[in-house]
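Architecture and fold: a report
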Amino acid sequence: MSPLSERSVAVLKNWEPKEAGWVFHREDGTPIPATHLDQQHSRVRARLKMSDGFVLHSLRHRFGSRLGESGADAFTIMRLMGHSSVTVSQRYVHPSPEAVELAYERMTTLNLQQAATVFATVEGTRESKIQ
């Protein structure tokens, strides 16, 4: 299950879902079918003069895209979006030239730190053998 943002939690608490736990429900607590939600979305989209290409799934796609833009790796996106494979999640990862350069710099720094540790260990071993 994916975590919810604080804003999403606040909105849901204001709606006070019925005991059945459905977010989108009728007065009696029974769930509203997805087809009905699609119809409502179509009416709202028409009233707001939005493109027919803006479907409910667009919101999910935007979430994945924003995760990728924020620097999330494909495995994190897979977990948050509930994808069955990392291959699906990879379509949301588009590293900028700056992100590629930063990743390379982090790797170089890590390599230098590890090399310094190895060098210090080797030098320490030499000193102990000499004494």
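The text that follows walks through the structure, step by step, so that each part is easy to find. (Residues numbered from 1 in each chain as written. Predicted model: local features only at pLDDT ≥ 70, side-chain atom pairs only at ≥ 80, totals over all residues. Heavy atoms only, no water.)

1. Notes on the packing of helix H3 (residues 56–69) against helix H4 (residues 74–81)
Where H3 contacts H4, the axes come no closer than 10 Å and their chain directions differ by 150°. Put simply, H3 runs roughly antiparallel to H4. For the pair H3 and H4, the sense of crossing is right-handed. On the side of H3, the interface is formed by Arg60, Phe63, Gly64, Leu67 and Gly68, while H4 contributes Ile77, Leu80 and Met81. Broken down by class, the residue content of the contact of H3 with H4 amounts to 5 nonpolar, 2 polar and 1 charged. (Axes fitted to C-alpha atoms, helices over the stretch in contact; angles between N-to-C directions. Helix = DSSP H or I, 4+ residues; strand = E, 2+ residues; numbered from the N terminus. Parallel < 35°, antiparallel > 145°, perpendicular 65-115°, else oblique. Left-handed = near helix turned anticlockwise from the far one by under 90°. Contact = heavy atoms within 4.5 Å. Nonpolar A, V, L, I, M, F, W, Y, C, P; charged D, E, K, R; others polar.)

2. Observations concerning a nonpolar patch on the surface
Taken together, the side chains of Val11, Trp15, Val23 and Phe24 present a nonpolar region at the surface, about 370 Å² in accessible area. You can see Val23 is positioned in the loop between helix H1 (6–15) and helix H2 (34–47). Note on Val23: relative accessible area 31%, which makes it partly exposed. (Patch = residues over 30% accessible without salt bridge, like charges linked within 9 Å, V, L, I, M, F, W, Y side chains within 5 Å. Areas by Shrake-Rupley, 256 points an atom, 1.4 Å probe, with all protein chains shown as cover. Salt bridge = Lys/Arg side-chain N within 4 Å of Asp/Glu carboxyl O. Buried < 20%, exposed > 50% of the residue type's maximum accessible area, 1.4 Å probe, protein only.)

3. Observations concerning the pattern of salt bridges
Note on pairing: side chains with opposite charge can pair once their charged atoms come close. Evaluation of the coordinates by the stated rule reveals 3 salt bridges. Between Arg45 and Asp52 there is a salt bridge, with the nearest N and O atoms lying 3.9 Å from each other. Measuring nitrogen to oxygen at the nearest pair gives 3.6 Å for the salt bridge that ties Arg62 to Glu69. Judged by its relative accessible area of 42%, Arg62 is partly exposed. Assessed through its relative accessible area of 52%, Glu69 is described here as exposed. When salt bridges with common partners are traced through the structure, they connect Arg62, Arg66 and Glu69 into a single cluster.

4. Notes on the nonpolar core
Within the largest apolar cluster, 5 residues are counted, these being Leu67, Ala72, Ile77, Met81 and Tyr92. Setting aside residues no more than four positions away along its own chain, Ile77 makes contact with Gly64, Leu67, Gly68, Ala72, Gly82, His83, Ser89, Tyr92 and Val93. (Core = buried A, V, L, I, M, F, W, Y, C linked by side-chain atoms within 4.5 Å.)

5. A word on the layout of surface pockets
Rolled over the atoms, a probe sized like a water molecule indicates the empty space that remains. In this structure, the largest pocket occupies an estimated 900 Å³ of space. Lining the largest pocket are 20 residues; nearest its centre among them are Leu4, Ser8, Val23, Phe24 and Leu59. Elements that contribute at least two residues to the lining of the largest pocket include exactly H1, H3 and H4. For the lining of the largest pocket, the residue count by class is 16 nonpolar, 3 polar and 1 charged. (1 Å grid on protein atoms, 1.4 Å probe; cavity = no way out; pocket = protein on both sides within 12 Å on 5 of 7 lines; lining within 4 Å. Points joined across faces, edges and corners; volume = space filled by probe spheres on them.)

6. Structural notes on H2
With 14 residues, H2 should cover 20 Å at 1.5 Å per step; its first-to-last C-alpha distance of 20 Å lies within 8% of that length. Within the span of H2, buried status applies to Leu37, His41 and Arg45. Taken end-on, H2 shows its buried residues confined to a sector of 75°, consistent with a single buried face. Structural note: H2 exposes Thr35, Ala46 and Arg47 on the side pointing more than 90 degrees away from its buried face. (Expected span 1.5 Å × (residues − 1). Arc of directions from axis to C-beta.)

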